[in-house]
Amino acid sequence: TMTYCIMAALHESDKVELSLKSGEVSGVEALIRWRHPERGVLTPGSFIGLAEECGLIVPIGDWVLASACEQAKAWRRQGLPPMRIAVNISAPHFGRADFARRVEALLASSGMEPSMLELELTESMVMSRSRQVLETLEALRDIGVRLSLDDFGTGFSSLGYLRSFPIQRLKIDQSFVREAHLNPVNASIIRAIVALARSLSIEVVAEGVEMEAELALVRDSGCDESQGYLHAKPMCSDAFVAWMEAEKSRE
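This structure is a prediction, so every number in the text was calculated from the model and none was measured.

(A) The arrangement of the overall build of the chain in detail. Of regular secondary structure, the chain possesses 12 helices and nine strands. Rg of the C-alpha trace for the chain: 18 Å, near the compact-globule value of 18 Å for 251 residues, within the 12% margin. The principal-axis extent of the C-alpha atoms belonging to the chain is close to 50 × 50 × 35 Å. Of all 251 residues assigned to the chain, the portion counted as buried reaches 49%. Residue pairs in contact within the chain that sit at least 24 positions apart in sequence constitute 65% of those at least 6 positions apart. Of the roughly 12,200 Å² of accessible surface on the chain, a fraction of 52% belongs to carbon and sulfur atoms. Looking at charge distribution, the chain has the averaged site of its 26 positive side-chain charges lying 2 Å from that of its 35 negative ones.

See below:
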């Protein structure tokens, strides 16, 4: 009963990712929210810990992945161009031995192109370099999905995994991006991350861009994409379709 009630109350919204080269929407990040009957809409920080304690984080993760794949297909029917959808993966979900097979089955059932799905992992999830982690990452690469490291720069880990693992994108944590134009240290960190990523042929996304000055700095630093409130606030799927249509009419 608990699983049904929580699953039925979950919904997704999306965060826009913008290409800094073309200025066009390059993808979205799926965000999960819980519509609580008394407390209203809750962000993940309010319930993910509880879901992990109750053993619900894996079914929730499956639901989010399936919803993202189905949403991609729905958007194509509505006339939107193909776009990448990024989904955050929890450690318990990623740690399952059959995780790659689950992803492959969801892609097959939805008909979504594997290259249009991006799985966001954290540094702590991959830094162990265990055989299972490496095998899962390689299996996902062989399937064709994209892999990115979220909140990059906040973990305490060796940079060696960037060379060893098939990671395609780094997402610079918003704590470095926020007012970086006023903080020379953060600006230097951003440039260093971009230089490191370039040497390894890894794309870089700046998170949490909220001001034009921040956007100018991450663009000048060589970031490939940015996301944040400057471009658009998180929105539900219907609102996103309307937003995309409005953006197209302004071109």
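(B) Here's a closer look at the nonpolar core. In this structure, L119, L140, I190, V218 and F240 are the most contacted members of the largest nonpolar core, which totals 72 residues. The element that contributes the greatest number of residues to this core is helix α3 (residues 57–77), accounting for nine residues. Discounting residues that sit within four places of it in the chain, L119 has contacts with L65, V87, I89, F99, V103, L140, V145, R146, L147 and S148.

(C) Up close: the packing of aromatic side chains. The full count for this structure, using the stated rule, is four aromatic pairs. Where W34 meets F47, the ring centres are 5.7 Å apart and the plane angle is 85°; that geometry is what we call edge-to-face. With a gap of 13 residues between them, W34 in strand β2 (residues 25–36) and F47 in the loop between β3 (40–42) and α2 (48–53) connect regions that are remote in the sequence. No difference in accessibility class separates W34 from F47, as the two residues are buried. Seen from their ring centres, F240 and W243 are 6.2 Å apart, and the 20° between their planes marks the pair as stacked. With F240 and W243 both in helix α12 (residues 237–249), this residue pair falls three residues apart, about one helical turn. Using a relative accessible area of 18% as the deciding quantity, one classes W243 as buried. An aromatic cluster of three or more residues is present, and its members are W75, F240 and W243.

(D) Geometry of the environment of I32. Considering the arrangement of structural elements, one finds I32 in strand β2. Since its relative accessible area comes to 12%, I32 is described here as buried. Considered as a pair, I32 and F94 are 62 residues apart in the sequence and their alpha carbons are 17 Å apart.

(E) Quick look at the environment of A91. One can find A91 in helix α4 (residues 91–94). Measuring from C-alpha to C-alpha, the distance between A91 and S124 comes to 8.7 Å, with 33 residues separating the pair along the chain.

(F) Fine view of the pattern of salt bridges. By the definition in use, this model includes 18 salt bridges. Notably, a salt bridge pairs K171 with E29, separated by 3.1 Å at the nearest N-O pair. Of this pair, K171 sits in strand β7 (residues 169–172) while E29 sits in strand β2, and the two are 142 residues apart along the sequence. Take K171 and E29: they sit in the same class, and that class is buried. One salt-bridge network, in which partners are shared between bridges, spans E17, E29, R84, E118, E120, R146, R169, K171, E203 and E225.

The rules behind these values
Residues numbered from 1 in each chain as written. Predicted model: local features only at pLDDT ≥ 70, side-chain atom pairs only at ≥ 80, totals over all residues. Heavy atoms only, no water. Helix = DSSP H or I, 4+ residues; strand = E, 2+ residues; numbered from the N terminus. Rg over C-alpha atoms; globule rule 2.2 N^0.38 Å. Buried < 20%, exposed > 50% of the residue type's maximum accessible area, 1.4 Å probe, protein only. Contact = heavy atoms within 4.5 Å. Areas by Shrake-Rupley, 256 points an atom, 1.4 Å probe, with all protein chains shown as cover. Lys, Arg positive; Asp, Glu negative; His and termini not counted. Charge placed at Lys NZ, Arg CZ, Asp CG, Glu CD. Core = buried A, V, L, I, M, F, W, Y, C linked by side-chain atoms within 4.5 Å. Phe/Tyr/Trp six-rings, centres within 6.5 Å; stacked < 30°, edge-to-face > 60°. Salt bridge = Lys/Arg side-chain N within 4 Å of Asp/Glu carboxyl O.

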